[in-house]
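What the coordinates show
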Amino acid sequence: MALYAEVAVEAARGIARETYTYAVPDGVDVVPGHRVTVPFGRRDTYGFVVSLGTEDPGVETKAIATAGREPLLLPHQVALARLVADHYWLPLIECIRAMLPPRVRGSGSAGSGESSRQRRHTRLLELATGPAPAAESVTLTDEQRAALDVIDTNPVTLLHGVIASGKTEVYLAAAERALAEGLRVLLLVPEISLTPQLVQRVRARLNAPVAVLQSQLTELERAQQWWRTRRGEAQVVLGSRSAVFAPIPRLGLICLDEEGSAAYKQDRTPRYEAGWVARRLASVTGARLVMGSATPAVATYYESSQGVTARATLIRRVRGDDAEVELVDMRDEAESGNRQPLSRRLVEAVTHTLENEEQTILYLNRRGLATYVMCHDCGRSVQCLGCSVALVQHAEVEGLVCHYCGYSRTMPAVCDHCGSRNIRALGMGTQRLEGMVKRLWSQARVLRLDSDAARGPDSYFRIWETFSERRADILVGTQLVTRGLDLPGVSCVGVVDADLPLHFPDYRSAENTFALVAQVTGRAGRDGRPSRVIVQTSNPEHYSLRCAAAGDYQGFYEAELPARKAFVFPPFAGLAVLTRTDPDDGRAASSAREAAESIASGLLKDEIAGIRVMGPSPAFIHRLRGEYRWQVTLKGDGLERARHLAPRGKGWSYDIDPVN
């Protein structure tokens, strides 16, 4: 009996068709998940078998040329790829590509054996595979044991615990139980900055081999770690966003740490959100899912309030004390003559901390020296040639850089628009803050942690190691310093500009503000010594900041939910943003307008209710990498009902469940 395979073909990525049918020759043994070589047009390419059948397709079929020795994807991964493709309106091949490291995807075997060229390993892998640190005896509190019971009896649990309440200990206790049953464990973190500490704790607590999957590994190391996972050699897999696609056999537990972090959302195709994928991964494998955070997403907390998911709560810190939080009104600082970006109260707090030989974290979520360069005569800023954004001044290039496309230029001596020499760098990023800190406290040892400073496989590890070993006094950083870091020496935290997320055109702006301030506040007071947090703002009356300062998530949630309901934002509706890009602005706008009209008429014709079409409108960054962008937004329930109406073709991209 003839056998046919449905294959997701790599060379067909830009084509709307999902799969192509190929005959399986005698002697070729394939199952769903196999990487195969197939003829496509006038050339051979590779693809992945997603299903097999004996029904004659009724058309002439070409035969599979070759197949790998073993399937790369596990059966549950093929099912997961279909779910992800359907939800995010993606071609199936894009989802499969996300599941495989580039070297494995391209060759089918790279990284599977020893490498004769490999001379060193990333420090993080040395930590993960080296001798395990001495294990500390841990006794769970009554709250933690109760949370563990909830996890054991429910498929999906939100673990809502105040900062320093011991959520990680609950993850590890649940992992011990899963490992005792012969199951595997997946631990997900939103930022690579959290990985070293978690690796240490996992190695100390769990007597099991660990694999690490995250973006700062080299491509060869990612392939090697992927193969260790695929072969079942690693019983615990730890990683950032993309690790949700790891090929883990016998998966029994998924822990999603810092649920609600925007870092779990992929910002380029495929634009998946790791939390959503983790839920579907749990459903197709039967694994239990634990989502933990002190600041969960409003939509997730709402689901637990409605009984859709279980909720376990930790309301007490297991060690340390809450820091004293003070909101400093920067308008008062300006009125009293202080025009500097650091308030007198923050300067006083940092000075006191240094005198006590303790550590400080200063948080500012902007990179670079200056956030823009402006002419004081004509008021124009220096813009990127290909993006509608201001260039940011950076010391390492001795000039200006675009954070979106990488374009750079020297600092202009005169204004490009009016020729004036009265041109100045304004605003402040982490580089300028670092310089200011070094001038104010010349004897202090200062480190900076942002994506510029943490480039390279070991850069972040070295910065974290230096600060955790107290070989530095002040850490200046972006959101990499806000979550999860457990540094007992930190007794002072300064939030330099708490208003920045509030000014972003995002329905989650208040949620992001609350989460960032609450999380960075939690970096202080870990070892019980008196600690303080200074939050600089021009909006001290805003409920997100007041609640963050008080550590009151419930108060924030109750203040935020009515606005979400009134304006029909998640959790009361889904969102889909369809973006049209084109080098010609008028053509992009016209195409977006036609699409909006077509979708609206299609909804009426098909009698699809409950979905609104909004736009078209220019994207927040209207011009990006030389192309103009216009957007059509769909809002409502069951947006998948409108997928067939979405415009297709070159220049269109979709973002389902956008985070901003």
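From a predicted model like this one, the values you see are computed outputs, not experimental measurements.

Moving on to the nonpolar core. Counting 143 residues, the largest nonpolar core has Trp 89, Ile 96, Leu 186, Val 202, Ile 254, Leu 578 and Leu 634 as its most contacted members. If we ignore the near neighbours within four places in the chain, the residues touching Ile 254 are Leu 186, Leu 188, Ala 278, Leu 281, Ala 282, Ala 287, Arg 288, Leu 289 and Val 290.

A word on helix α18 (residues 585-605). An ideal rise of 1.5 Å per residue puts 30 Å on 21 residues; α18 measures up with 30 Å between its terminal C-alpha atoms. What α18 keeps buried is the set Ala 588, Ala 589, Ser 591, Ala 592, Ala 595, Ala 596, Ile 599, Gly 602 and Leu 603. End-on, the buried residues of α18 take up no more than an arc of 165°, which puts them together on one face. The exposed set on the far side of α18, more than 90 degrees from its buried face, consists of Glu 594, Glu 597, Leu 604 and Lys 605. Against the buried residues of α18 lie β24 (574-582), β25 (611-624), β26 (627-636) and β27 (652-656).

This part takes up the sheet that holds strand β8 (residues 210-213). Strands sit in the order β8-β9-β7-β10-β11-β6-β12 across an open sheet of seven strands; the sheet is parallel. Because the sheet does not close on itself, it has two edges, and the strands there are β8 and β12 (310-314). Looking at each pair of strands side by side, their axes are set apart by 15° on average, direction ignored. Pairing of strand β10 (residues 251-257) with strand β11 (residues 288-293) involves five bridges; the strand directions are parallel. In the sheet register, Leu 253 faces β11, and the bridge partner there is Arg 288.

It is worth spelling out the sheet that holds strand β14 (residues 359-363) at this point. The strand order β13-β23-β22-β14-β21-β20 describes an open sheet built from six strands, whose pairing is parallel. In the strand order of this sheet, the two ends are held by β13 (324-329) and β20 (446-449), each with one partner. Ignoring strand direction, the axes of neighbouring strands in this sheet form an average angle of 15°. Here four bridges tie β20 to strand β21 (residues 474-477), and the two strands are oriented parallel to one another. Looking across to β21, one finds that Leu 447 is bridged to Leu 475. This element, helix α16 (residues 543-550), spans β13 and β23 (532-537) of the sheet and lies at about 155° to β13.

The next point concerns the environment of Pro 583. Mapped onto the elements, Pro 583 comes out in the loop between β24 and α18. Sequence-wise, Pro 583 and Gly 651 are 68 residues apart; in three dimensions their C-alpha atoms are separated by 9.7 Å.

Moving on, we get to the environment of Val 7. Counting through the fold element by element, Val 7 comes out in strand β1 (residues 4-9). Separated by 259 residues in sequence, Val 7 and Gln 266 place their C-alpha atoms 25 Å apart. Ignoring anything within four residues of it in the chain, the contact list for Val 7 reads Thr 19, Tyr 20, Tyr 22, Val 36, Gly 47, Phe 48 and Val 49.

Before going further, it helps to examine the packing of aromatic side chains. With the rule as written, the count across this model stands at 15 aromatic pairs. Plain terms: the ring middles of Trp 89 and Tyr 654 are 5.6 Å apart, the flat faces sit at 80° to each other, and that makes the pair edge-to-face. With Trp 89 in the loop between α1 (75-87) and α2 (92-98) and Tyr 654 in strand β27, this residue pair connects regions lying 565 residues apart in the sequence. Here Trp 89 matches Tyr 654 in class, with each residue buried. Among the aromatic residues, those joined into a cluster by ring pairs are Tyr 301, Phe 514, Tyr 543, Tyr 553, Phe 556 and Tyr 557. Here the basic side chain of Arg 35 rests over the ring of Tyr 46, its NZ or CZ set 4.2 Å away from the ring centre.

Cut-off values and rules
Residues numbered from 1 in each chain as written. Predicted model: local features only at pLDDT ≥ 70, side-chain atom pairs only at ≥ 80, totals over all residues. Heavy atoms only, no water. Core = buried A, V, L, I, M, F, W, Y, C linked by side-chain atoms within 4.5 Å. Buried < 20%, exposed > 50% of the residue type's maximum accessible area, 1.4 Å probe, protein only. Contact = heavy atoms within 4.5 Å. Helix = DSSP H or I, 4+ residues; strand = E, 2+ residues; numbered from the N terminus. Expected span 1.5 Å × (residues − 1). Arc of directions from axis to C-beta. Pairing = 2+ DSSP bridges. Axes fitted to C-alpha atoms, helices over the stretch in contact; angles between N-to-C directions. Phe/Tyr/Trp six-rings, centres within 6.5 Å; stacked < 30°, edge-to-face > 60°. Lys NZ or Arg CZ within 6 Å of the ring centre and 35° of its normal.

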